[in-house]
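# An overview of the molecular structure
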Amino acid sequence: MSVKIGAHVDLSDAVAQAKEIGAEVVQVFLSDPQAWKVPPLAHPGGAEAFREETAAAGLDVYVHAPYVINVASTNNRIRIPSRKLLQQIMTGAEAIGAQGVVVHGGHVTAKDDPAVGFDNWRKAIDALETDVPVLIENTAGGDFSMARRLERIEQLWAAVMQANGAENVGFTLDTCHAWAGGIDLATAVADLRAITGRIDLVHANDSRDVAGSGADRHAHFGAGNIPPELLVGVVAAAGAPVVCETHGDMGPDIAWLRERLAA
């Protein structure tokens, strides 16, 4: 089957890195994923040059939003900067011609009503000014996460579908996160499609830890705990573009996946 497969690369050298590892899709950060500030784009020639270079190379581009973003938070000092930062990232993604922006589902605290977190997501989507899809990603751990377990994802989805801009909301399925979060990978695609109606992107990663561990620790294919047939099954069933995200040389991972999808 023909699925575009790629990896997370450095924005400053995306086309060369993609060529080296055989990627058809790239994912980039626009800023330090642990920071609240968005510096000028780290690419020679800026956004326009990046857009032209990736288009000429035939690469689809996705942006991963910073990890610090938590639009679900009930804490104003986190939620308000999160919304502001997300808007900056969406604007930057539009400038580089990105197909979508991946955003983690976020969390509330033990004392919060999860319903408030879901509604905060609705308000965040309401407030965004962008034509670029927001691709909410399932997360691996946390008892108070908005997008770890299927029942929470269902509640989150019901909330964001009430927002202005709901048509711009999509879903990213991360295999490591699903495995660690306690979602059954054998039925994950069908289960999530039943909730969201769509899977726009797959983050294909093996997991260092056992199923249900709650640990977000990616591993290269074959070096982790997820049975290979489950990984390949998710990618095949989803039929969406694939980004591999484990640190280190991604070339062998891309080749590993292509070989098994072609079998």
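- Within an unreviewed UniProt entry, the label attached to the protein reads Deoxyribonuclease IV, and the organism entered is Isoptericola peretonis.
- Per UniProt, the comment on the protein under Cofactor (unreviewed entry) is "Zn(2+)".
- Turning to the protein, the UniProt record has this under Sequence similarities (unreviewed entry): "Belongs to the AP endonuclease 2 family."

### Remarks on the packing of aromatic side chains
- Summed over all chains, the structure comprises 3 aromatic pairs.
- Both rings, one in Trp 157 and one in Phe 171, keep their centres 6.2 Å apart while their planes meet at 75°; by these two values the pair is edge-to-face. Placement of the pair is Trp 157 in helix H5 (residues 150–160) and Phe 171 in strand S6 (residues 169–174), with a sequence separation of 14 residues.
- Note on Trp 157: relative accessible area 5%, which makes it buried.
- Exposure remark for Phe 171: the relative accessible area of 1% places this residue in the buried category.
- Judged by centre distance (4.6 Å) and plane angle (25°), the rings of Phe 221 and Trp 256 are stacked. Here the residue Phe 221 occupies a position in the loop between strand S9 (218–219) and helix H8 (228–238), and Trp 256 occupies one in helix H9 (residues 251–262), the gap between them amounting to 35 residues.
- A relative accessible area of 10% means that Phe 221 is categorised as buried.

### Observations regarding helix H2 (residues 46–56)
- Along H2, the positions that sit buried rather than exposed are Gly 46, Ala 49, Phe 50 and Thr 54. Angular distribution of buried residues about the axis of H2 spans 120°; they occupy a single face of the element. In this structure, H2 carries Glu 52, Ala 55 and Ala 56 as exposed residues pointing more than 90 degrees from its buried face.
- Contacts from the buried residues of H2 go to helix H1 (14–21), strand S2 (25–28) and strand S3 (60–64).
- Immediately downstream of H2, the backbone of Gly 58 shows phi near 70°, a positive value.

### Thoughts on the packing of helix H3 (residues 76–95) against helix H4 (residues 114–127)
- Where H3 contacts H4, the axes come no closer than 10 Å and their chain directions differ by 35°. When you trace H3 past H4, the crossing you get is right-handed. Contact residues: Arg 79, Arg 83 and Gln 87 in H3; Asn 120, Lys 123, Ala 124 and Ala 127 in H4.
- A breakdown of the residues in the contact of H3 with H4 according to their chemical character gives 2 nonpolar, 2 polar and 3 charged.

### Thoughts on the packing of H8 against H9
- Between H8 and H9, the least distance of the axes is 10 Å, while the angle of their chain directions is 75°. The pairing of H8 with H9 is recorded here as roughly perpendicular in orientation. Where H8 approaches H9, its residues Pro 228, Leu 231, Val 232, Val 235 and Ala 236 are matched on the opposing element by Trp 256, Leu 257, Arg 260 and Leu 261.

### Re the pairing of S6
- Counting buried positions along S6 gives 6 out of 6 residues, so the element sits mostly inside the fold.
- The side-chain alternation of S6 yields two buried faces, one formed by Val 169, Phe 171 and Leu 173 and the other by Gly 170, Thr 172 and Asp 174.
- Pairing analysis gives 4 bridges linking strand S5 (residues 134–137) to S6, with the strands arranged parallel. What sits directly across from Ile 136, in S6, is Phe 171.
- Assessed by its sense of winding, the connection that carries the chain from S5 through H5 to S6 is right-handed.

The rules behind each value
- Residues numbered from 1 in each chain as written.
- Predicted model: local features only at pLDDT ≥ 70, side-chain atom pairs only at ≥ 80, totals over all residues.
- Heavy atoms only, no water.
- UniProt positions renumbered as here; feature names shortened; annotations may be inferred.
- Phe/Tyr/Trp six-rings, centres within 6.5 Å; stacked < 30°, edge-to-face > 60°.
- Helix = DSSP H or I, 4+ residues; strand = E, 2+ residues; numbered from the N terminus.
- Buried < 20%, exposed > 50% of the residue type's maximum accessible area, 1.4 Å probe, protein only.
- Arc of directions from axis to C-beta.
- Contact = heavy atoms within 4.5 Å.
- Axes fitted to C-alpha atoms, helices over the stretch in contact; angles between N-to-C directions.
- Left-handed = near helix turned anticlockwise from the far one by under 90°.
- Nonpolar A, V, L, I, M, F, W, Y, C, P; charged D, E, K, R; others polar.
- Parallel < 35°, antiparallel > 145°, perpendicular 65-115°, else oblique.
- Pairing = 2+ DSSP bridges.
- Right-handed = clockwise from strand over helix to strand, strands pointing away.

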